[in-house]
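# Reading the structure
Below, each chain spelled out in residue letters.
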Amino acid sequence: MNAVRSKGLGLLAWFLGIVFFLPIAWMALTSFHSESDAATNPPSFTAALTLDGYRDFFGVGGGASPWPSLINSAVASVSSTLLVLLLALPAAYALSIRRVRKWTDVLFFFLSTKMLPVVAGLLPIYLFAKNTELLDNIWLLVLLYTSMNLPIAVWMMQSFLSEVPVAVIEAARVDGARLPTVLLRVVAPIALPGIAATALICFIFSWNELLFARVLTGVVAETAPVFLTGFITSQGLFLAKVCAASLVISLPVLAAGFAAQDKLVQGLSLGAVK
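Residues numbered from 1 in each chain as written. Predicted model: local features only at pLDDT ≥ 70, side-chain atom pairs only at ≥ 80, totals over all residues. Heavy atoms only, no water.

### Quick look at empty space enclosed by the protein
Here the idea is plain: a probe the size of a water molecule rolls over the atoms and shows the empty space left. Threshold: A cavity here means a set of points on a 1 Å grid, drawn over the protein atoms and nothing else, where a 1.4 Å probe fits but cannot get out; a pocket is an open set with protein on both sides within 12 Å along at least five of seven lines, and a residue lines either one if it has an atom within 4 Å of a point. Grid points are joined across faces, edges and corners, and a volume is the space filled by probe spheres set on the points. In this text, helices come from DSSP runs of H or I with a minimum length of four residues, and strands from runs of E with a minimum of two, each type numbered from the N-terminal end. Three residue categories are used. Nonpolar comprises Ala, Val, Leu, Ile, Met, Phe, Trp, Tyr, Cys and Pro, charged comprises Asp, Glu, Lys and Arg, and polar comprises the others, including Gly.
For the coordinates displayed, the defined rule picks out one cavity of 30 Å³ or more. Considered as a void within the structure, the largest cavity measures approximately 30 Å³ in volume. Within the residue set of the lining of the largest cavity, elements represented by two or more residues are α4 (67-96) and α10 (192-208). The element contributing the most residues to the lining of the largest cavity is α4, with three residues. Looking at the lining of the largest cavity residue by residue, the classes come out as four nonpolar, four polar and one charged.

### Overview of the environment of G62
Convention followed: Here's how the labels work: a residue is buried when its accessible area is under 20% of the maximum for its type, exposed when over 50%, partly exposed in between, all with a 1.4 Å probe on protein chains only.
Mapped onto the secondary structure, G62 falls in the loop between α3 (52-57) and α4. Residue class for G62 comes out exposed when judged on its relative accessible area of 71%. In this structure, the C-alpha to C-alpha distance between G62 and H33, residues 29 residues apart in sequence, is 21 Å.

### A look at the packing of aromatic side chains
Put simply, the test is: By convention, a stacked pair of Phe, Tyr or Trp rings (six-membered ring in the case of Trp) has centres within 6.5 Å and planes under 30 degrees apart, an edge-to-face pair has planes over 60 apart, and any other such pair is tilted. The rule is short: NZ of Lys or CZ of Arg within 6 Å of the ring centre and within 35 degrees of the ring normal puts a charge over the ring.
Counting across every chain of the model gives five aromatic pairs. Between F57 and F58, the aromatic rings sit 4.9 Å apart at their centres with planes inclined by 75°, giving edge-to-face as the arrangement. Judged by its relative accessible area of 1%, F57 is buried. Seen from their ring centres, F57 and F227 are 5.9 Å apart, and the 75° between their planes marks the pair as edge-to-face. Residue F57 is located in helix α3, and its partner F227 is located in helix α12 (residues 224-229); the two are separated by 170 residues in the primary sequence. The ring of F238 has K241 lying over it, and the distance from NZ or CZ to the ring centre is 4.9 Å.

What follows is the structure in structure tokens.
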């Protein structure tokens, strides 16, 4: 009975995996078609393959180059993720190991900041950026992404750090280790899977963010999602080109997730088994 149940769950997992993978496979196949073949309904699976969509995306033939936008996205995502980890680690330490008074209320406050609709803060932030001459500045996005991801990072890392043995920390203190040493050389290595999972999620959120990047940037600080929206013009939707651009822009996130998949699974399952 257990064997049948395990086999059924395995088949269900494979079915769900294929269902989630099909849109990506469809997008990848469409990106290798010409615009005329990509626009057919129903789509043709036997159409000739071409790299025209990727040539158009990379600006071969006179189009706009995507590299400045990709670099801006990388700078904003990586910088904000590093800042989030730098701030979230001591905050999570204070909420899990050296717990402050009413630490549950503090965690709820952090989580409550994510309940505000993002669009509700768009106008005040825009006016602030305009008055401080920070419009079209990549470092404004770094600060915004840091503040947006910090609450969820503290919430996640608090649960991860609560699994760190207190005896190990106390032993380090007996040996004369100060707080920075304890955080970097004792707590961080033990909670590395959780930190990696938190970093990956923050990176994905920053890389995919569109609303603030669309409103607060122009040409200099344009990010990859904003560049992608430029393919939707008044002349119509160029499906093959959009699919090629979407696939290329998704590759850094997919690569990061694939590289950190072991740490991600360990981090998200940390504390699940006592």
